[in-house]
Amino acid sequence: MLRLLPGVDIEGIMAPLSLSSVLKSGNMKMPILGLGTWQGTNEEVEIAVDAALAAGYRHIDTANCYGNEEGIGRVLKKWFDSGKLKREDVFLVTKCNPTHFRPEHIEKSMDQSLQKLGLSYVDLYLAHNPVGFAYKEDGFVIVDGKVQPDMNTDLVANWKVMESLVDKGKAKSIGVSNFNLSQVKRILDVARIKPTNNQVELYLYLQQPELVQFCKDNDVIVCAYSPIGSPNTAFRKNIQHPMTDPVVLEIAKKHGKTAVQVLLRFLIQYGVVAIPKSSSPERLRQNADIFDFELSDEEFNRLKSLDKGPAGRLFGGTTGIFEDCVKHPEYSLL
Ligand SMILES: NC(=O)c1ccc[n+]([C@@H]2O[C@H](COP(=O)([O-])OP(=O)(O)OC[C@H]3O[C@@H](n4cnc5c(N)ncnc54)[C@H](OP(=O)(O)O)[C@@H]3O)[C@@H](O)[C@H]2O)c1
């Protein structure tokens, strides 16, 4: 029997989990493992997405501000033109640029993404962050080396525009990212079209149990970003890398798996979607090789107990170029 939080709906739950397992929100079906692409260049993601599709991944995560949608679009075109995959076989997620997170600019960001991706619709369109950035057509408004927030972000007004993108057929479903519990609730309270997803930082040391339970209770799938602790990014706080945690290493050894595979398997059994990023075909294949073993109750609970709460947050309490964004009224990740 799989250990999952109550309320988790995994298609084919009695069958073994696989790379084609999905979590459902209403009619929306989201593959449980996807490929992250943040910090991958167009050239890197072309190689990675091609290798990922060949390995059986069917879920790709990108964002307008990652600057790599063109590379992803080129690979998708190649696969669709060859007839090896159809559009409906791939679950493509992208996100509104925070510089465009205002009612009058959201659709522009969406249209740019669709054009770069070479698609007529995305499967899931996310509000990237409750904190909007000052509007600029390209790049960020920078003052004294710091990205400037848009202090007037109106989450509810923006959600109405997100809903219109579903009406127009540009997004099959819509969701949010980096929203805390009260922000998700605010959207749910007014939504004509409900958010299907909340993509948040979630990994071994930041398990966000209250937010996860609230989302599950409200049919919102949680997607874990930085699921292996984003080991190589400069923005990351100086917190122990979860892949060096002695408990993870011990469990990995017992199953003949890598630490990263245990970290990802833990999230799948926790009942969330995970989107590990890799630009390496070898590593992304390893990251998908997590469906031939299962964590026991005892192992799962040991990993569960390693949650550090907010102290485990990798990207909160922002310093450096995003320091001014902390002043935004919707900022809550301190
Ligand atoms: N919504 C948001 O605000 C938000 C924020 C952050 C991230 N995300 C999304 O979530 C995705 C994942 O998060 P992330 O990129 O921050 O972190 P992550 O997936 O936890 O870690 C990615 C890093 O781990 C390395 N890696 C991957 N597989 C590995 C393996 N098997 N062994 C050792 N190292 C490995 C990768 O290097 P190589 O590429 O060299 O393999 C990369 O540097 C992002 O790419 C993005 O799509 C969203």
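Residues numbered from 1 in each chain as written. Predicted model: local features only at pLDDT ≥ 70, side-chain atom pairs only at ≥ 80, totals over all residues. Heavy atoms only, no water.

As recorded in an unreviewed UniProt entry, the protein goes by the name NADP-dependent oxidoreductase domain-containing protein, listed as coming from Apolygus lucorum. The Sequence similarities (unreviewed entry) comment attached to the protein in UniProt states, word for word, "Belongs to the aldo/keto reductase family." (UniProt positions renumbered as here; feature names shortened; annotations may be inferred.)

Colleague: What's the story with the overall build of the protein in this structure? I'm lost.
Modeller: Broken down by element type, the protein carries 10 helices and 12 strands. The C-alpha atoms of the protein give 19 Å as radius of gyration, which agrees with the globular expectation for 334 residues (20 Å, within 12%). Taking all 334 residues of the protein together, the buried fraction comes to 57%. Element-wise, carbon and sulfur atoms account for 53% of the exposed surface of the protein, whose accessible area totals about 13900 Å². Averaging the positions of the 39 positive and the 41 negative side-chain charges in the protein gives two centres separated by 1 Å. (Helix = DSSP H or I, 4+ residues; strand = E, 2+ residues; numbered from the N terminus. Rg over C-alpha atoms; globule rule 2.2 N^0.38 Å. Buried < 20%, exposed > 50% of the residue type's maximum accessible area, 1.4 Å probe, protein only. Areas by Shrake-Rupley, 256 points an atom, 1.4 Å probe, with all protein chains shown as cover. Lys, Arg positive; Asp, Glu negative; His and termini not counted. Charge placed at Lys NZ, Arg CZ, Asp CG, Glu CD.)

Colleague: What exactly am I supposed to notice about the UniProt feature "binding site: substrate" (unreviewed entry) in the protein here?
Modeller: Mapped onto the present numbering, the UniProt feature "binding site: substrate" (unreviewed entry) falls on His128. Looking at where His128 falls in the secondary structure, it is placed in the loop between strand E6 (124–127) and strand E7 (142–143). Beyond its immediate stretch of four places on either side in the chain, His128 contacts Ala63, Cys65, Tyr66, Lys95, Cys96, Pro98, Ser177 and Asn178. (Contact = heavy atoms within 4.5 Å.)

Colleague: Please explain the pattern of salt bridges as it appears in this structure.
Modeller: Should the charged atoms of two oppositely charged side chains come close, the side chains can pair. Taken as a whole and assessed by the stated rule, the structure comprises 21 salt bridges. Between Arg102 and Glu104 there is a salt bridge, and its shortest N-O distance comes to 3.0 Å. Accessibility expressed as a relative area gives 25% for Arg102, which makes it partly exposed. Ionic pairing is found between Arg186 and Glu330, a salt bridge with its closest N-O pair at 2.9 Å. Of the two residues, Arg186 is situated in helix H5 (residues 181–190) and Glu330 in the segment after helix H10 (297–304); the sequence distance between them amounts to 144 residues. Residue classification places Arg186 among the partly exposed residues on the basis of a relative accessible area of 34%. Residue classification places Glu330 among the buried residues on the basis of a relative accessible area of 11%. (Salt bridge = Lys/Arg side-chain N within 4 Å of Asp/Glu carboxyl O.)

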